[in-house]
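Overview (structure and organization)
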Amino acid sequence: MTLRHKNICRYFHAILVFCALMVLVIRGASASETEIRAFAQDLSKNLVTNFNKPAIKTIERQQVLRDYLQRYIDLDYVAKFVLGNYRRGLPEEKMTAFRTVLAENIVGTYAHWLKDIPIANFTIGRIIEDNRQNWYVESQFRDPQKKQAIGLQWRVRKVGSDWRIRDLQIEGISMIVTQRDSFVNFIRSNGGNVEKLISTLRQKNSKLLASS
Amino acid sequence: MSLKIISPKVMKKCAILLFCSFALVACASSPNSSDQTRTEARYSDPQDPMEPVNRSMFAFNQAVEFGVVTPVSRAYDVVLPNLVKDGIRNFINHLRSPLNFINSILQGNFDQAAEVFGRFTLNSIAGFGGIFDPAKEMGLPYKGEDFGQTLAVWGFGPGPYLVLPIIGPSNLRDMTGRVVDFFANPVKILTSHTQLDWTPVAVEATAPVDSYARNYDKIQTLRSTSLDYYNTVKSLYNQRRQGAIENREFSGRQQMYGDDDEIDMDQEDISSLPDPSKH
């Protein structure tokens, strides 16, 4: 075999290795996409089944949401994100207290939203990865009363071995960015007092849960 | 008619307006904490240096909302059938298209300008003067572009957050853009000194009523679930504007999370974060 033939062989060898690597990367990506699609379909099916019952009770709705929070949401991340820089130096027990009131706040808020907006024709669209290991799931449901399509985008990420939702964007508005802006401004206007936020949220939650 | 109206006098007015808008927006910057006492700076939102005034204006707007906008928009929603409301909305969007076209060109977004032009032509002919929106069905949805967005594309910052009487949330850049859009609107220029000179004002008055009627339930839910409704509205406004400026699609979504998303929060060293009490 001449030197030229050897070089050609090396060249094809390199191409083969590159192709094999690309196949592995693409297969990895599509495996994640399949997992996310299954995760999203599971959640949307549960949402439609549980919240479109004609006589769902308030307590039941809230309990289902608590269960979803455990199963689908990355609450640790959300709690840190919405505190902005005020999570700096926050003792663990305060962080735990904040996580608890935040969880109840999310339950109260979404119970309110889901009471007013019936979910129908939930469809999952494109699933896109960004360059930070986050995936965006495009979805849409129709408000049968208003005959409007409402666009929902979920930002999901693998946390440990499970997929978890880190944000929900409704018509392009990020729920966690909105909450962070609100919480950070509240803490700032109260002299950096996170405890004040926790106690105010507790009061707010009791009203929200009673009326949702 | 139109040649007579787009006279050097009008052009001169537009040029002066444009110059004033540059001068105003050039002044737009984040507040300097050295202008305030340290305590005030620590407790106030740097993007909202006029918060007390804005909050008063917000309260005034809410009173107007309860007293005027809510009954009018509820009546509008209940009395008019969906088909008529859709027609009104389509027509409002149609009349805004020339402005969208001009702003798309000023932003250097020629693809979008072509889309807007195509949409306008199609809806003018097949949509009976813009009352129907066949362009949307053909994959050309309405995209609003205003001079505030154009200024942002040209690199002007938002300036301080403002709550304008009746109009609502804004900032220095968008307020300037609004004024320029109103006076430079081709529909206004073409209809001024004619019997149709009320059209731009009617559009500006009807659009918020239509929008409020469509989103009434969401607004009420948002109000009742918010920790501080003023701050929630501010955040929603800023996010919506940023999304509109970036013509944000999914591929660009990650930037809205800022630096907080750079860190893997499971392992971050929180002591490395800047102290929020020091501006």
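Keep in mind that this is a model prediction, so the values were computed, not measured. (Residues numbered from 1 in each chain as written. Chains lettered and ligands numbered in written order. Predicted model: local features only at pLDDT ≥ 70, side-chain atom pairs only at ≥ 80, totals over all residues. Heavy atoms only, no water.)

Take the pattern of salt bridges next. Inspection of the entire model under this criterion finds 28 salt bridges over all chains. Among the salt bridges present, the one from Asp162(A) reaches Arg164(A), with a minimum N-O distance of 3.9 Å. One salt bridge connects Arg241(B) with Asp174(B), and the closest N-O pair in it is separated by 2.9 Å. Placement of the pair is Arg241(B) in helix H13 (residues 229–245) and Asp174(B) in helix H9 (residues 172–184), with a sequence separation of 67 residues. In this pair, the class of Arg241(B) matches that of Asp174(B), namely buried. What you see here is one network of salt bridges that share partners, running through Arg188(A), Asp45(B), Asp48(B) and Lys234(B). (Salt bridge = Lys/Arg side-chain N within 4 Å of Asp/Glu carboxyl O. Helix = DSSP H or I, 4+ residues; strand = E, 2+ residues; numbered from the N terminus. Buried < 20%, exposed > 50% of the residue type's maximum accessible area, 1.4 Å probe, protein only.)

Glancing now at the nonpolar core. Within soluble globular proteins, side chains that are nonpolar tend to cluster in buried spots. Residues Phe98(A), Leu102(A), Trp154(A), Val156(A) and Leu197(A) are the most contacted members of the largest nonpolar core, which totals 58 residues. The dominant element in this core, judged by the number of residues it contributes, is helix H4 (residues 92–116) of chain A, at nine residues. Ignoring anything within four residues of it in the chain, the contact list for Val156(A) reads Ile36(A), Phe39(A), Gln133(A), Asn134(A), Trp135(A), Val137(A), Trp163(A), Arg164(A), Ile165(A) and Arg166(A). Among the nonpolar cores identified, the runner-up in size contains 14 residues, and Val163(B), Tyr216(B), Ile219(B) and Val233(B) belong to it. (Core = buried A, V, L, I, M, F, W, Y, C linked by side-chain atoms within 4.5 Å. Contact = heavy atoms within 4.5 Å.)

Before going further, it helps to spend a moment on helix H5 (residues 82–106) of chain B. All names here are of chain B. The end-to-end C-alpha distance of H5, which contains 25 residues, comes to 35 Å, matching closely the 36 Å that a straight helix rising 1.5 Å per residue would cover. Considered for burial, the residues of H5 that qualify are Lys-85, Gly-87, Asn-90, Ile-92, Asn-93, His-94, Leu-95, Ser-97, Leu-99, Asn-100, Asn-103 and Ser-104. Buried residues along H5 sit in contact with helix H4 (51–79), helix H6 (110–125), helix H8 (147–153), H9, helix H10 (186–191) and helix H11 (199–214). The first or second residue beyond H5 is Gly-108, which carries a positive phi of 75°. (Expected span 1.5 Å × (residues − 1).)

Residue and element names in this part refer to chain B. By secondary structure assignment, the location of Asn-61 is in helix H4. Side-chain polar atoms of Asn-61 contact the backbone oxygen of Leu-164, separated by 2.9 Å. Among all residues touching Asn-61, those that are not within four sequence positions of it are Val-163, Leu-164, Pro-165, Ile-166 and Gly-168. (Polar contact = N/O pair within 3.5 Å; in protein donor to acceptor, adjacent residues only side chain to side chain.)

To continue, consider the packing of H11(B) against helix H12 (residues 216–225) of chain B. Residues and elements named next belong to chain B. Two elements in contact, H11 and H12, have axes separated by 4 Å at closest approach and are oriented at 70°. As summarised for this structure, H11 and H12 are arranged roughly perpendicular, according to the angle between their axes. Contact with H11, carried on its side by Tyr-212, Ala-213 and Arg-214, involves Tyr-216, Ile-219, Gln-220 and Arg-223 of H12 and no other residues of that element. Taken together, the residues that form the contact of H11 with H12 break down as four nonpolar, one polar and two charged. (Axes fitted to C-alpha atoms, helices over the stretch in contact; angles between N-to-C directions. Parallel < 35°, antiparallel > 145°, perpendicular 65-115°, else oblique. Nonpolar A, V, L, I, M, F, W, Y, C, P; charged D, E, K, R; others polar.)

On their own, these measurements won't tell you what the molecule is for.
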